[in-house]
Amino acid sequence: MITVGVNGYGTIGKRVADAVTQQPDMELAGVAKTRPNFEAQAAVRKEYPLYAAVEERIELFEEAGIDLAGSVTDLVAESDVVVDACPSGIGADNKSMYESFDTPALYQGGEDADLVDVSFNARGNYSAAAGASHVRVVSCNTTGLSRLLAPLQERYGVEKARVTLVRRGGDPGQTSRGPINDILPNPITIPSHHGPDVNTVFPDLDIDTLGMKVPATLMHVHSVNVTLESSPTAADVRDLLREESRLFLVPESMAIDGAGKLKEFAHDAGRPRGDVWENCIWEESISMEGDDLYLFEAIHQESDVVPENIDAIRAVTETADASESIATTNETLGIGL
Ligand SMILES: NC(=O)C1=CN([C@@H]2O[C@H](COP(=O)(O)OP(=O)(O)OC[C@H]3O[C@@H](n4cnc5c(N)ncnc54)[C@H](O)[C@@H]3O)[C@@H](O)[C@H]2O)C=CC1
Ligand SMILES: O=C(OP(=O)(O)O)[C@H](O)COP(=O)(O)O
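All values reported here derive from a predicted model rather than from experimental measurement. (Residues numbered from 1 in each chain as written. Chains lettered and ligands numbered in written order. Predicted model: local features only at pLDDT ≥ 70, side-chain atom pairs only at ≥ 80, totals over all residues. Heavy atoms only, no water.)

**Comments concerning the site of ligand 2**
So the rule is basically this: One heavy atom within 4 Å of a molecule or strand is enough for the residue carrying it to be called near that molecule or strand. Polar contact is defined as a pair of N or O atoms within 3.5 Å, subject to the rule that within protein one atom must be able to donate a hydrogen and the other to accept it, and that residues adjacent in sequence are counted only when both atoms are side-chain atoms. We get accessible surface area from the Shrake-Rupley algorithm with a probe of 1.4 Å; when it comes to residues, only the shown protein chains can shield them. We count a stretch as a helix when DSSP gives it H or I for four or more residues in a row; a strand needs E for two or more, and each element gets its number in order from the N terminus. Amino acids are sorted into nonpolar (Ala, Val, Leu, Ile, Met, Phe, Trp, Tyr, Cys and Pro), charged (Asp, Glu, Lys and Arg) and polar (every other residue, Gly among them).
Near ligand 2 you find Ser139, Cys140, Asn141, Arg167, Arg168, Arg177, His193, His194, Lys213, His220 and Gln301, and these make up its full shell. One of the side-chain nitrogen or oxygen atoms of asparagine 141 is found 2.7 Å away from an oxygen atom of ligand 2. Here an oxygen atom of ligand 2 and a side-chain polar atom of arginine 177 are 2.8 Å apart. About the coverage of ligand 2: the protein hides 77% of its 380 Å² of free accessible area. Among the elements of the structure, helix H7 (140-156) and strand S9 (158-168) are those that each provide at least two residues to the shell around ligand 2. For the shell around ligand 2, the residue count by class is 1 nonpolar, 6 polar and 4 charged.

Now the structure itself:
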């Protein structure tokens, strides 16, 4: 069994912790929280051992009547692998702690790529993380792009990818985020950070990305154009993408016209928290004009990196190859709409 600790129990951390408990080859050592908020109380209800992320705040937990299993260093000491899901930049601060215990750590997409040995996507470069000590699971958008570009590159070759990312302003719980009533080029400079981030997984892929932010919390939406090195039909591309377990081709018959109905569909399907782990590609949008592929896809920012974190745990511990790990993760979480 691989013993996994989760440091940072917010949007990503709580989902990763739940996913760890569903794996046949993993056990959750516990989760570290900075304060006894509603998420800490949820961890207690789930009987996850709770550790204080900041020693000086232990008494806040005592005042809230929450029993702690120890402090974060105890959690790291007990773990074979730590998943750091702290806010951007805090993972970098935590790196020396993981090193002092010689515990391999996974970081999230908000950290700089140069913090780690490998930036990871299960479909893109699983084996590159074998035995690595510091691995970054790339951001939600980069994860989505990597899943899409990997099969296109392998089957047809990619001459150039151009993607405009219409990004949600914040997650549903991020009440301080915006815009409330605006449409922002974000970042205004081009390329956005997403293209270079894809290059941390596929160093040779030619990609330009442009980013925007809009007043929405549900999902990101990508407008994709990929110039291929050959000229398949749109039907060929549809068949190729349909074979990919973490790509969901939204059929016209479902009458899903946007992110709102995708989330509603996920809730109706009984998905935890309405999570959508797969890229959602509108089947009707998949079009070929000469060598140019066009499509629209939606990415659920809160959840698509969760299966990737689970696969990264197996990759760094060298306990399964890519196809075994992806199959186990998909089966246990119920991935495959
Ligand atoms: N929310 C999203 O859409 C996505 C986020 N990411 C990345 O995942 C990382 C985490 O993001 P979220 O889960 O959204 O953030 P979040 O703010 O929802 O959760 C972070 C948690 O860490 C806690 N925390 C703060 N300082 C800490 C410390 N020193 N030690 C332990 N815990 C601490 C916070 O209290 C919070 O509970 C970031 O790198 C982000 O860029 C990646 C993909 C998507
Ligand atoms: O990594 C993400 O997006 P990004 O790939 O657009 O940077 C996550 O959705 C978090 O983005 P945020 O930095 O807007 O919270």
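That was the structure; now back to the text.
**A look at the site of ligand 1**
Near ligand 1 there are 20 residues, and of these Thr11, Ile12, Arg168, Asp171 and Gln301 occur at the shortest range. Threonine 11 places a side-chain nitrogen or oxygen 2.9 Å from an oxygen atom of ligand 1. Here an oxygen atom of ligand 1 sits 3.5 Å away from a polar atom, N or O, in the side chain of serine 88. Within the complex, the protein chains bury 82% of what would otherwise be the 830 Å² of accessible surface of ligand 1. Residue composition of the shell around ligand 1, grouped by class: 8 nonpolar, 9 polar and 3 charged.

**Concerning the UniProt feature "binding site: NAD(+)" (unreviewed entry) in the chain**
Our working rule: UniProt positions are given in the numbering used here, feature names are shortened, and annotations may be inferred rather than shown by experiment. The criterion used for residue contact is that any of the two residues' heavy atoms lie within 4.5 Å. Relative accessibility under 20% of the residue-type maximum defines a buried residue, over 50% an exposed one, and the middle range a partly exposed one, all with a 1.4 Å probe and only protein chains included.
Per the UniProt record, "binding site: NAD(+)" (unreviewed entry) is found at Thr11, Ile12, Gly110, Arg168 and Gln301. Note on placement: isoleucine 12 falls in helix H1 (residues 11-21). In this structure, isoleucine 12 is in contact with Ala85, Gln108, Gln301, Glu302 and Val305, ignoring residues within four places of it in sequence. Accessibility expressed as a relative area gives 4% for glutamine 301, which makes it buried. Filtering out sequence-adjacent residues up to four positions away, glutamine 301 remains in contact with Ile12, Cys140, Arg168, Asp171, Pro172, Thr217, Leu218, Met219 and His220. At 3.0 Å, the side chain of glutamine 301 forms a polar contact with the backbone oxygen of threonine 217.

**Details of the UniProt feature "active site" (unreviewed entry) in the chain**
Following the UniProt record, the feature "active site" (unreviewed entry) maps to Cys140 here. When residues no more than four places from it in sequence are discounted, the contact partners of cysteine 140 are His220, Ile299, Gln301, Asp304 and Val305.

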